[in-house]
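What follows is each chain in one-letter form.
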Amino acid sequence: MTSKDDQVDINNVTFEPGCINNWHVHHGRQQILVCVGGEGWYQEWGKEAIKMKPGDVISIPLDVKHWHVATKDSWFAHLSITVNGVEGSNEWLEPVDPAAYDSLK
């Protein structure tokens, strides 16, 4: 769905078990994650990680540092919905600390 004033992009993203991502920020766009398969993790900077299961929805505020990946023993698939992305950009930051990822239960 696209209009003159806003844009909505929907992508199906899949992570293999144990995949570790980088922290990142979506500037100028909001992202919504909808878990559609497997189990994964989502974490915002300064907050505890949240385990995601099919049907879970996470709304990521503008310009919030975060990451999202599969759990150690499950594939993870989510729909990534971005809105107001016409002038937006992604900033990829440091990798998620492997020890912090390994400590998630």
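I will try to describe carefully the structure that is included in this document. Because the structure is predicted, anything quoted here is derived from the model rather than measured.

Notes on the packing of aromatic side chains
Part 1 of the reasoning: Applying the stated rule across the entire model yields three aromatic pairs.
Part 2 of the reasoning: With a centroid separation of 4.9 Å and 80° between ring planes, the pair formed by Trp-23 and Trp-45 is classed as edge-to-face. Pair noted here: Trp-23 is in strand β2 (residues 22-27) and Trp-45 is in the loop between β4 (40-44) and β5 (50-52), with a separation of 22 residues, a long-range link.
Part 3 of the reasoning: Where Trp-23 meets Trp-67, the ring centres are 6.3 Å apart and the plane angle is 85°; that geometry is what we call edge-to-face. With a gap of 44 residues between them, Trp-23 in strand β2 and Trp-67 in strand β7 (residues 66-70) connect regions that are remote in the sequence. The pair formed by Trp-23 and Trp-67 is uniform in burial state, with each residue classed as buried.
Part 4 of the reasoning: Among the aromatic residues, those joined into a ring-pair cluster are Trp-23, Trp-45 and Trp-67.
Part 5 of the reasoning: Taking the ring centre of Trp-23 as reference, the NZ or CZ of Lys-65 above it sits at 5.8 Å.
Part 6 of the reasoning: Geometry around Trp-45 places Lys-65 over its ring, the cationic atom sitting 3.7 Å from the centre.

About the cut-offs
- Residues numbered from 1 in each chain as written.
- Predicted model: local features only at pLDDT ≥ 70, side-chain atom pairs only at ≥ 80, totals over all residues.
- Heavy atoms only, no water.
- Phe/Tyr/Trp six-rings, centres within 6.5 Å; stacked < 30°, edge-to-face > 60°.
- Helix = DSSP H or I, 4+ residues; strand = E, 2+ residues; numbered from the N terminus.
- Buried < 20%, exposed > 50% of the residue type's maximum accessible area, 1.4 Å probe, protein only.
- Lys NZ or Arg CZ within 6 Å of the ring centre and 35° of its normal.

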